[in-house]
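Coordinates in review
Residues per chain, in single letters:
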Amino acid sequence: AAAAAAAAPNAAGAQPGNSTTSPPPPPLSKLASLATNSTSGGKGRPMRRVLLSGAGAPRCLDGSPAGYYVDMADNGTNNTSAQWVVWLQGGGMCQSAADCAARQHTDLGSSVGWPASITPDAGLGILSSDAEVNADFAGFNRVFVPYCSGDVWAGDADGASNPFGEEAGGEGGDFSGYFEGHRIVMATLVDLGVLPGAGGGGAAPAADVVLTGCSAGGVGTFLNCDTVGAALAAANDASTLACRPEAGYFGLPLLTYDAFTAGSPDPDMHHLDITGWVQRVAKWPYATPEYAACVADRAHRLTPSDNCTDHEECCTLPPYLYPYIQTRTFVSQNTADAYQVFKQGGSPEAPGATVDAYVEYLRGVLAGSLRDTVARGAANATNGLYAPACLQHCTPWHSANGTVRGTDAARAFGDWYFNRGPPGTHMLLDDSTDLNLYC
């Protein structure tokens, strides 16, 4: 395995690490897949399904009840644990009305086919009850929230709707669906008894909560972080929240592969033409304190290189919203995000000089933003970062091939969460440009 050459430390403790890889690199086609994570074949106790019910209970895209999977730390015998890990599943987002309509017939848009129980695999190690897999969090109550709204956990729309309108030449003009991702998050916490409200369960009031998720779940973690934190604090001022968005650092100005190779401008570098529909079904993000702070500070923060012609819309994107999030946050993000390279950027899924150049271009943009916004940001003494130089999307909980300074994702997050080590030492960024580091 080739190791990256060590370099001088960056500010705030961020420095090139020792991400490694065992040749050959994994097939590129596998790296571009949606980050839905397997929920079978794992180690530890299974998690049982709970469907949300009652007046006003949120629904999946097709109108079936939303829900969650849960396993209590004491196997449900006493329900006394006050520590929770809540995972928001990923799975892309609706690209069009036709895409949403197709999702309604899958687990990403309907609960009809959800199994009665799941046992998450090693890719969801933070949800394992096996201490050998999950040394720091095996004793937490574990909650897996399936993603069935297609709206990056942002939706709070009343009733079924079509936020895309009539699509010229498309087949989705008659589409109608429920976009209630944000409501699913909040209703799940109420149903568990973590937050007060009608239908709350009998569990003890929360003391320590970790909100996390990958891909769309990572975006949802960024968006919901402070809102959940404020609700927890209002319910019990002894409660705490830590947010761990994984592979959710979407929204930087990035050329598509075609524009990059042609040397031409890209009129939609933030991909708002594809994602902008969410604002029609998600009003609450525009009323949050963190959004208001971003908008008020935009003249200071945003520069022409950010390519934010619509400053207000950019303030809903994680890289621009992050500096204004008040809750303790640990960002987990590969600097060569395979989804942003292949799926969003449109790069061919085959090795070659132009693909390598595009990967390095994207890696440079992501690593630079993570360095300046997170590692050197105003909250670098309290927040954390784990950013290996890997061509992957989600970050494996344990990995011998992709580490930063010899530390994998599980150890990095555990050290930060439990304050192991001096403040300001939890910014782990590998900004290597070694093309062998495909992990």
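What you are looking at is a predicted structure, and each value in this text was computed from that prediction instead of being measured.

The next subject is the packing of aromatic side chains. Across all of its chains, the model carries 23 aromatic pairs by this definition. Considering the side-chain rings of Y417 and F418, the 4.9 Å spacing of their centres and the 85° angle between planes classify their relative orientation as edge-to-face. Through pairs of rings, three or more aromatic residues link up here, namely F137, F140, F330, W397, F413, W416, Y417 and F418. The cationic tip of R244 hangs over the ring face of F413; the distance from NZ or CZ to the ring centre is 5.6 Å. For the cation-ring pair, R328 lies above W416, with the distance from its terminal atom to the ring centre recorded as 3.9 Å.

Here the focus is helix 3 (residues 181-191). Judged by how many residues are buried, helix 3 sits mostly within the fold: 8 of 11 residues are covered. Looking only at helix 3, the buried set comprises G181, H182, I184, V185, M186, T188, L189 and V190. In this fold, the buried residues of helix 3 make contact with strand 4 (67-71), strand 5 (83-88), strand 7 (141-145) and helix 4 (216-235). Just past helix 3, the residue G193 takes up positive phi, approximately 85°.

With that settled, consider the nonpolar core. Within soluble globular proteins, side chains that are nonpolar tend to cluster in buried spots. In this structure, F137, F179, L385 and F413 are the most contacted members of the largest nonpolar core, which totals 112 residues. In terms of residues, this core owes the most to one element, helix 12 (residues 353-375), which gives 8 residues. If you look at the next biggest cluster of nonpolar residues, it comprises 5 residues, including Y291, C294, V295 and C315.

An order of 6-3-4-7-5-8-9-10-12-14 is seen for the 10 strands of this open sheet, with the pairing classed as mixed. The sheet is open, and its two edges are formed by strand 6 (117-118) and strand 14 (427-429), each paired on a single side. The sheet contact formed by strand 9 (residues 240-246) and strand 10 (residues 328-332) spans 3 bridges and is parallel. The residue of strand 10 that forms the bridge with A242 is R328.

Looking now at helix 7 (residues 289-296). Residues E290, Y291, C294 and V295 constitute the buried set of helix 7. The arc that holds every buried residue of helix 7, seen down its axis, measures 135°, which confines them to one face. Exposed and facing more than 90 degrees away from the buried side of helix 7 are P289 and A296.

What the rule picks out here adds up to 13 salt bridges. The closest approach of N and O atoms between R183 and D158, which form a salt bridge, is 2.6 Å. Residue R183 is located in helix 3, and its partner D158 is located in the loop between strand 7 and helix 3; the two are separated by 25 residues in the primary sequence. Of the residues examined, R183 reaches a relative accessible area of 28% and is grouped as partly exposed. Measuring nitrogen to oxygen at the nearest pair gives 2.7 Å for the salt bridge that ties D415 to R420. In the salt-bridge network here, residues are joined through shared partners; they are R59, D158, E180 and R183.

Analysis parameters
- Residues numbered from 1 in each chain as written.
- Predicted model: local features only at pLDDT ≥ 70, side-chain atom pairs only at ≥ 80, totals over all residues.
- Heavy atoms only, no water.
- Phe/Tyr/Trp six-rings, centres within 6.5 Å; stacked < 30°, edge-to-face > 60°.
- Lys NZ or Arg CZ within 6 Å of the ring centre and 35° of its normal.
- Buried < 20%, exposed > 50% of the residue type's maximum accessible area, 1.4 Å probe, protein only.
- Helix = DSSP H or I, 4+ residues; strand = E, 2+ residues; numbered from the N terminus.
- Contact = heavy atoms within 4.5 Å.
- Core = buried A, V, L, I, M, F, W, Y, C linked by side-chain atoms within 4.5 Å.
- Pairing = 2+ DSSP bridges.
- Arc of directions from axis to C-beta.
- Salt bridge = Lys/Arg side-chain N within 4 Å of Asp/Glu carboxyl O.

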